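Observations on the three-dimensional arrangement
Below, each chain spelled out in residue letters.
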Amino acid sequence: LEDPEDLPQHFHQADLAVCTLGTTTYELLATQTPIVGIPDNETPIPAALDELDAAIILPQTPTAEDVSAGVSRVLEDTELRRQLWRAGGKLVTGEDASNVADAVEASVDS
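For every chain, the first residue of the written sequence is number 1, and numbering continues from 1 onward in sequence order. Only residues with pLDDT of at least 70 are given local features in this predicted model, and only at 80 or more are side-chain atom pairs given and counted; all residues enter the totals for whole chains, interfaces and linings. Hydrogens and water are ignored here; the side-chain numbers use all heavy atoms of the structure.

What follows concerns helix H4 (residues 64-76). Taking 1.5 Å per residue, 13 residues should reach 18 Å; H4 reaches 18 Å between its end C-alpha atoms and fits that length. Burial here depends on accessible area, computed with a 1.4 Å probe over protein chains only, as a share of the maximum for the residue type. Under 20% is buried, over 50% is exposed, and the range in between is partly exposed. Helix and strand assignments follow DSSP, with helices taken as H or I runs no shorter than four residues and strands as E runs no shorter than two, numbered in order from the N terminus. Where H4 is concerned, the buried positions are Gly70, Val71 and Val74. Each buried residue of H4 sits inside an arc of 95 degrees when the element is viewed along its axis, so together they form one side. For H4, the exposed residues set more than 90 degrees away from the buried face come down to Ala64, Glu65 and Glu76. Lining the buried residues of H4 we find strand E1 (17-20), strand E2 (35-38), strand E3 (56-57) and helix H5 (78-91). An expected span of 1.5 Å times one less than the residue number is assigned to each helix. Here the arc refers to the set of directions running from the helix axis out to each C-beta atom. When checking whether two residues touch, look at their non-hydrogen atoms; a contact exists if any pair is within 4.5 Å.

Take a look at the structure:
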């Protein structure tokens, strides 16, 4: 699928997403989709998500084995999936989307 109109529905139905950690990260958090993320250049998102235990962070240039290990870790660990799911709900509530910006900013300042 390329740029589907019903992308949020796909996120809700997914067991997890493997993606770079750019702006799509916020949509995945909002839909509480567990993330196996590849750091995007020069953004504080990976460090913030890692600090908050809100995603599995892969190396900047992951190998196929890195991706496979990250995906397997999420799929095989029910409690980890719950933790990642809950993290999205805490960061992006729909009532106060600034929670994400605050969390990213706090991780950069610390």
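Now that the structure has been shown, the text picks up again.
The next thing to look at is the nonpolar core. As used here, the term nonpolar core means buried Ala, Val, Leu, Ile, Met, Phe, Trp, Tyr and Cys residues forming a set that is joined through side-chain atoms within 4.5 Å. Core analysis: the biggest nonpolar cluster contains 14 residues, and Leu21, Leu28, Leu29, Ile35, Leu49, Ala54 and Leu91 have the highest contact counts within it. Elements that contribute at least two residues to this core include exactly E1, helix H2 (24-30), helix H3 (45-51) and H5. Those residues in contact with Leu49 that sit more than four places away from it in its chain are Leu21, Thr25, Leu29, Ala54, Ala55, Ile57 and Leu91. Counting residues in each nonpolar core, the second largest holds nine residues, with Val71, Val74, Leu80 and Leu84 among its members.

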